[in-house]
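# Architecture at a glance
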Amino acid sequence: GVGSFSPSGFAPSAGGGFPELNVGVMDMLTNLQRGDAAALVVDGSDFDIDALSSGNVNVLHQLKQSPVGRAANQVDAMTIDIVAMLFDYIFDDRQIPDSLKALIGRLQIPVLKVAMLDKKFFSKKSHPARKLLDTLAHAALGWATHADEKDRLYAKVDELVHKILSNFEEDLTVFEGAQLELEAFLKDEERQAHERAESSAQVIY
């Protein structure tokens, strides 16, 4: 009908309202998050998609030189820098096992998207994505030496990272869900560790 046509001659985008100017940047990041770097291999700038999927390289520094960096406005460009620093801390932490570092590293693009979409990411410690990163880093640091526990944590984190990579568009509840799941998992592991400790204590006495 005529009514759906807006006076300016532009039909509103499906999401309601008009597309944001930096939607190009978001789209590029979402493609990257899904492992598709085709959009970034333009005008001779090469983006290393293997580095992204391996998770053990800080790709955000590279991103600044890519079309994403060039399309980003000043605020977004600063955001890339700050998120890159955040991941530098994680990558430089010798106490976090490399296997887990590589999983956490795969969250670089989703976390960057969060920081661009929601400026509270930096100011609110309780922000779901911030909390998830903190919890992941703590879990990785405090992880027991038992191989099977390491494997279970790895499997759990792997599952959560995949969930975020495949489901996160712009809805932050994905991070909340992952955070809650991780916390429940860690509590459960802790409870099992206590039970094991108790039963082995009984054997000793």
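Scroll up for the structure.
Here the residue numbers are simple positions, counted from 1 along each chain's written sequence. Per-residue local features are limited, in this predicted model, to residues with pLDDT of at least 70; the limit for side-chain atom pairs, both in listing and counting, is 80 or more; totals at the level of whole chains, interfaces and linings are taken over all residues. Only hydrogens and water are set aside; all other atoms, that is, all heavy atoms of the structure, feed into the side-chain values.

Turning next to the overall build of the protein chain. Strands are runs of DSSP state E lasting at least two residues, helices are runs of H or I lasting at least four, and both sets are numbered from the N terminus onward. Counting its regular elements, the protein chain contains 11 helices and 0 strands. Secondary structure elements in the protein chain, listed N-terminal to C-terminal, are α-α-α-α-α-α-α-α-α-α-α. Exposure categories follow from relative accessible area, calculated using a 1.4 Å probe and restricted to protein chains: below 20% of the type maximum is buried, above 50% is exposed, and the middle band is partly exposed. Looking at the protein chain as a whole, 40% of its 205 residues are labelled buried. Accessible area for the protein chain stands at about 11,500 Å²; split by element, carbon and sulfur atoms hold 56% of it. Per-residue and other accessible areas were derived by the Shrake-Rupley procedure at a 1.4 Å probe size, with only the shown protein chains allowed to occlude residues.

The subject of this paragraph is the packing of aromatic side chains. For Phe, Tyr and Trp, rings pair up if their centres lie within 6.5 Å, where Trp contributes its six-membered ring, and each pair is then called stacked (planes under 30 degrees apart), edge-to-face (over 60) or tilted (otherwise). Evaluation of the coordinates by the stated rule reveals 3 aromatic pairs. Judged by centre distance (5.2 Å) and plane angle (75°), the rings of F121 and F122 are edge-to-face. On the basis of relative accessibility, which here comes to 0%, the residue F121 falls in the buried class. Taken together, a centroid distance of 5.0 Å and an interplanar angle of 80° make the contact between F168 and F175 edge-to-face. Note on F168: relative accessible area 0%, which makes it buried.

This brings us to the pattern of salt bridges. Think of a salt bridge as a Lys or Arg side-chain nitrogen and an Asp or Glu carboxyl oxygen that are within 4 Å of each other. Counted according to the given criterion, the structure contains 10 salt bridges. Where E195 meets R191, a salt bridge forms, and the shortest distance between an N and an O atom there is 3.0 Å. With E195 and R191 both in helix α11 (residues 173-204), this residue pair falls 4 residues apart, about one helical turn. You can call R191 partly exposed: its relative accessible area is 42%. The network of salt bridges with common partners includes K156, E159, K163 and E181.

In a regular helix each residue adds 1.5 Å, so 19 residues correspond to 27 Å; helix α5 (residues 74-92) covers 27 Å between its end C-alpha atoms and thus fits that length. It only takes one pair of heavy atoms within 4.5 Å for two residues to be counted as in contact. Taken together, the buried residues of α5 touch α3 (59-65), α4 (67-71), α6 (98-105), α7 (108-117), α8 (120-123) and α9 (128-141). The definition of a polar contact used here is a pair of N or O atoms within 3.5 Å, where within protein one atom must be able to donate a hydrogen and the other to accept one, and adjacent residues in sequence count solely through side-chain atom pairs. Measuring from the side-chain oxygen of the N-cap residue of α5 to the backbone nitrogen of V75 gives 3.2 Å; that N-cap residue is N73. Residue count minus one, scaled by 1.5 Å, sets the expected span of a helix.

Turning our eyes to something else, we now look at α6. Counting buried positions over the 8 residues of α6 gives 6, a clear majority of the element. Among the residues of α6, L100, K101, A102, L103, I104 and G105 are the ones counted as buried.

So, on to the side chain of T135. Checked against the element boundaries, T135 lands in helix α9. T135 sits in the buried class, given a relative accessible area of 14%. Beyond its immediate sequence surroundings of up to four residues, T135 is in contact with Q179, L182, E183 and L186.

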